[in-house]
Amino acid sequence: QLRLMESGGGLVQAGGSLRLSCAASGRTFSSYNMGWFRQAPGKEREFVAGITWTGGRTYYADSVKGRFTISRDNVKNTVYMQMNSLAPEDTAVYYCAGDSRGIYFSRLPQDYDYWGQGTQVTVSS
C-alpha cells in the first residue's frame, strides 16, 4: 500500500519555476517506479516525467525535456520535480503516481496503481 500527497503547485508567470514534491507513506516506497503526470481541462492525462525505483534512470516527455528535472529521495520517501522555464501550456493538474509492478518503466497511466490527489499548476502569460 502506498499513499501519495503532492505539494508545491501554484500560480507562476511564464518563464518562472516551481518545485513539486510528492510525499509517500509506505515502507516499500523505494521499490516503486514513480511518475509525474498532468491533466489539462478537456485533455487526457499525459506522462510528464518518471524515475526508476533506484533513481538510476529518468524519463521525460519531449515537451518538458531540458526544462523539468525529476529526482527522488528514498530516505525521505519523496519524489520531486523541478520545473523551470514554465509556459502557459504547462498549466494543468499534476499528479504523482507509483507503479508497483517492479518491471520495466512505463509511461502509461494505466500501469500505475497508486495516485495522489493532484496539485494545480497555473502559468500566466
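Residues numbered from 1 in each chain as written. Predicted model: local features only at pLDDT ≥ 70, side-chain atom pairs only at ≥ 80, totals over all residues. Heavy atoms only, no water.

*Asks:* Please provide a residue-by-residue account of the overall build of the protein, values included.
*Replies:* Within the protein, the regular secondary structure consists of 0 helices and 11 strands. Secondary structure elements of the protein, listed N to C terminal, follow the sequence β-β-β-β-β-β-β-β-β-β-β. Here the C-alpha coordinates of the protein stretch approximately 40 × 25 × 25 Å along the principal axes. Counting only residues that meet the buried cut, the protein has 46% of its 125 residues in that class. Accessible surface, the protein as shown: approximately 6,500 Å² in total, 49% of it carbon and sulfur. (Helix = DSSP H or I, 4+ residues; strand = E, 2+ residues; numbered from the N terminus. Buried < 20%, exposed > 50% of the residue type's maximum accessible area, 1.4 Å probe, protein only. Areas by Shrake-Rupley, 256 points an atom, 1.4 Å probe, with all protein chains shown as cover.)

*Asks:* Now, about the side chain of T119: what can you tell me, with residues and values included?
*Replies:* Among the secondary structure elements, T119 is positioned in strand 11 (residues 119-124). Residue T119 is classed as buried on the basis of its relative accessible area, which comes to 10%. In this structure the side chain of T119 is engaged in a polar contact, spanning 3.3 Å, whose partner is the backbone nitrogen of G9. Filtering out sequence-adjacent residues up to four positions away, T119 remains in contact with E6, S7, G8, G9, L20, A92, V93 and Y94. (Polar contact = N/O pair within 3.5 Å; in protein donor to acceptor, adjacent residues only side chain to side chain. Contact = heavy atoms within 4.5 Å.)

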